[in-house]
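# Structure assessment
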Amino acid sequence: MKLYKGIFFSLAAASLLAACSKEDPFGTGGTEEGMGVLKTSALLTSLANAEGYEAATRAAVPSTDDFTVTITKEGARTPSAEYKYSEMPEVLTLAVGNYVVSASHGANSDAAWEEPYYYGESNFAIEENKVTDEVDPIVARLANVRVTIVFHPSLQSVMSPDSKVEVKVGQVGSMTFTGSEERSAYFRYVDNSQTLAATFSGTVDGDAVVETKAYDNVAPGNHYRITFRLHGQYEEEPGSINTGVTVDASVETVDMNITVDGDADDDLLEDDMRPVQGGSTQPDPGPGPDEPDQPDQPVAGPEILPDTAPAGQKAISFDADNVVTDDLYIGFNITSEAEGGFTGLTVDIVSNKLNDDELSSIGLSSHLDLVNTDPSLASPLEGLGFATNVGGRKEVHFDITGFKMMLGVLGADTHKFVITATDANGETKKTLVLVVE
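Conventions adopted
- Residues numbered from 1 in each chain as written.
- Predicted model: local features only at pLDDT ≥ 70, side-chain atom pairs only at ≥ 80, totals over all residues.
- Heavy atoms only, no water.
- Helix = DSSP H or I, 4+ residues; strand = E, 2+ residues; numbered from the N terminus.
- Buried < 20%, exposed > 50% of the residue type's maximum accessible area, 1.4 Å probe, protein only.
- Contact = heavy atoms within 4.5 Å.
- Areas by Shrake-Rupley, 256 points an atom, 1.4 Å probe, with all protein chains shown as cover.
- pLDDT = per-residue confidence, 0-100.
- Pairing = 2+ DSSP bridges.
- Axes fitted to C-alpha atoms, helices over the stretch in contact; angles between N-to-C directions.
- Phe/Tyr/Trp six-rings, centres within 6.5 Å; stacked < 30°, edge-to-face > 60°.
- Arc of directions from axis to C-beta.

### Structural notes on the overall build of the protein
A tally of regular secondary structure across the protein gives 6 helices and 28 strands. Buried positions account for 43% of the 437 residues belonging to the protein. Excluding contacts between residues fewer than 6 apart, the proportion of contacts in the protein whose partners are at least 24 apart in sequence is 65%. Put simply, the protein shows about 21600 Å² of open surface, and 48% of that area lies on carbon and sulfur atoms.

### Examining the confidence of the model for the protein
Within the protein, residue pLDDT values average 77, and 76% of them lie at 70 or more. Residue range residues 1-32 is modelled with pLDDT below 50. Its contacts to residues more than four positions away, or to other chains, number 39 contacts. Within the model, the stretch residues 258-299 combines pLDDT values under 50 with 75 contacts to residues more than four positions away or in other chains.

### Some thoughts on the sheet that holds strand β19 (residues 303-306)
Each strand in a sheet pairs with its neighbour through backbone hydrogen bonds, running either in the same direction (parallel) or in the opposite one (antiparallel). Spatially, 3 strands are ordered β19-β23-β26 in an open sheet, and the strand pairing comes out antiparallel. At either margin of the open sheet sits one strand with a lone partner, and together these are β19 and β26 (395-399). Along the sheet, successive strands turn relative to each other by an average axial angle of 15°, direction set aside. One ladder, built from 5 bridges, connects strand β23 (residues 331-335) with β26; its direction is antiparallel. Bridge pairing in β26 links Thr 335 to Glu 395.

### Considering the packing of aromatic side chains
Under the definition given, this model contains 7 aromatic pairs. Relative to Phe 398, the ring of Phe 332 has its centre 4.8 Å away and its plane inclined at 15°; by these criteria the two rings are stacked. Placement of Phe 332 in strand β23 and of Phe 398 in strand β26 is noted, with a sequence separation of 66 residues between them. A connected cluster of aromatic rings, assembled from ring pairs, spans Phe 318, Phe 332, Phe 386 and Phe 398.

### Overview of helix α5 (residues 375-383)
Structurally, the α-helix is built with 3.6 residues per turn, so residues lying three or four positions apart point the same way. Every buried residue of α5 is accounted for by Leu 377, Ala 378 and Leu 381. Within α5, the buried residues cover an arc of 115° as seen down the axis, which keeps them to one side. In α5, the exposed residues that point more than 90 degrees away from the buried face are Ser 376, Ser 379 and Gly 383. Looking at the packing, one finds that the buried side of α5 touches β25 (367-369). Where α5 terminates, the next one or two residues include Gly 385, which has phi positive at roughly 100°.

### What about helix α6 (residues 403-410)?
For α6, the full list of buried residues reads Phe 403, Lys 404, Met 406, Leu 407 and Leu 410. Projected down its long axis, α6 carries its buried residues within an arc of 160°, all on one side. For α6, the elements touching its buried residues are β22 (328-329), α4 (356-359), β27 (413-423) and β28 (426-436). Looking at the residues trailing α6, positive phi occurs at Gly 411, about 90°.

### Notes on the sheet that holds strand β16 (residues 207-215)
Strand order across the open sheet formed by 4 strands is β13-β12-β15-β16, with antiparallel pairing between neighbours. Each edge of the open sheet carries a strand with a single partner, namely β13 (173-178) and β16. Each adjacent strand pair in this sheet contributes to an overall mean axis angle of 15°, direction not counted.

### With respect to the pairing of strand β11 (residues 145-151)
When you tally the buried positions in β11, you get 7 out of 7 residues, the bulk of the element. Covered by surrounding structure in β11 are Val 145, Val 147, Ile 149 and Phe 151 together with Arg 146, Thr 148 and Val 150, the residues of both alternating faces. The pairing of β11 with strand β14 (residues 185-187) spans 3 bridges and is classified as antiparallel. Note on β14: the bridge partner recorded for Val 147 is Ala 185. Of the pairings in the sheet, the one linking β11 to strand β17 (residues 222-230) comprises 6 bridges and is parallel in character. From the neighbouring strand, Val 147 faces β17, where its bridge partner is Tyr 224.

This is how it looks when you write it as C-alpha cells:
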C-alpha cells in the first residue's frame, strides 16, 4: 500500500547505494570526480499554519505533493534540478557545492484574483562521494500580499454604480475593485517596494470624489482588508454637516503566518479595524448611530477536551504539540449542551506525509465528515477509534491511539487534526498536533 511508501523509499535508496562497491560508491568507475548524492527523502516540506490559511483564505490548503521543488547551486543562474514534489526520484547525483532547495506553489503573478503564492527554502551541501540525507525542513509560507476591499453600507447606499477602488502594491501590479467585488486580490511582493495605495473614485451624493489612502511597511503573508466609509459618520452628531473629506478608509492587517481562529469566512475579520503599522493612526471609530453599542456575544458551541489517560499513559494537549511516544494516549471527548445535539462534526487531517494519497490506501480521505459519514468510510473510521454518524448526539468519545503505528511507519513529520464541532449554540474548532520525531 502507499502507506508504506516511506519505508520502501528508504530501502530503494539504500539498495541503490549498496549496489556500488566501497571503492567506487557512486558507480562512476573512478573516472568522475566532484560528485555526490542527495537522498530526496531528506527534503521534508510543510505548509506553515495550514489550518490558519484555510480559515483565512476560504480555500482548500494545497497539498505539498503539488509543490514545485527547485534545487539550485549557489551562484548558478539555472536550477540543477526541478520536480513536482510527489514525482522526485529517490536520489539525485549533484556536483560538489552548496545548494538552495525551494518549494513553491502558485504563479506569483504581479496581481491576480484569488492566486495565493506559497514559498519556502532551505540549504544543504553536497560533498564528494558522500550521501546527503539530512536537510533542514522546508517550511512554505504565503509569500505574496492579499488585499480585500470592503464598501461600508453607509457609503454604498450613496455612491454611484461606477464607483471603484484601484489598489497598487509597490510598483509591480494594480487591481480595480467595484462595489460588487467580493474576491481578494493577491500582489507580488518586491523588496524595497512596501507601499500599498488604495484610491477611491466615484460620485458620492452627487459630488465627484477622489480619495487615496496609503499604507507603509506592507509585508508578504499579510491580508490587508480595507474598508471605505463616509468620513465623519461616527465622529459627528447625527444631522451635522460634514465639510471635510467625503470618503475615508481604515485598514486591518492579519498575519496569515499565525493561527487564525474562526469560520472559513471573511466574517472572522471584524469591521472595527486595527491600523497597519506605519499607516492610518486614527482611533477605532466605534459603532455608528444606527448600530448597537455592543455586538451580540457569540454563544459557546460544543466542548472539546482531552480524555483522562489510563494508568501508565499520558494524555494529549490541545494547547501544545504532542510528541508521539509509546505511552501517549490519543483520546478526547466532545460534548454538546444544545438542544438537538451535534449538527456538524468534521476532522481535517493536515499533513505532509499522511495526505490523501496515503489515506486513500486505507479507504480514508483528509476530510472526514462524522455526521454525514460516507458508508464506505464508516468501518475503517470506527476501526481507528473515530465515532461516526454522530448527528443529534450530545457526547462522543474518540480514542485514535491506533494512529500511532501508522504515523511511525511514515517517519518524522508533523500531523495536524483540525476538529470542528457545531451545534445550535455555535461552533468550536481545535487542532490536535502530533509530532513524530
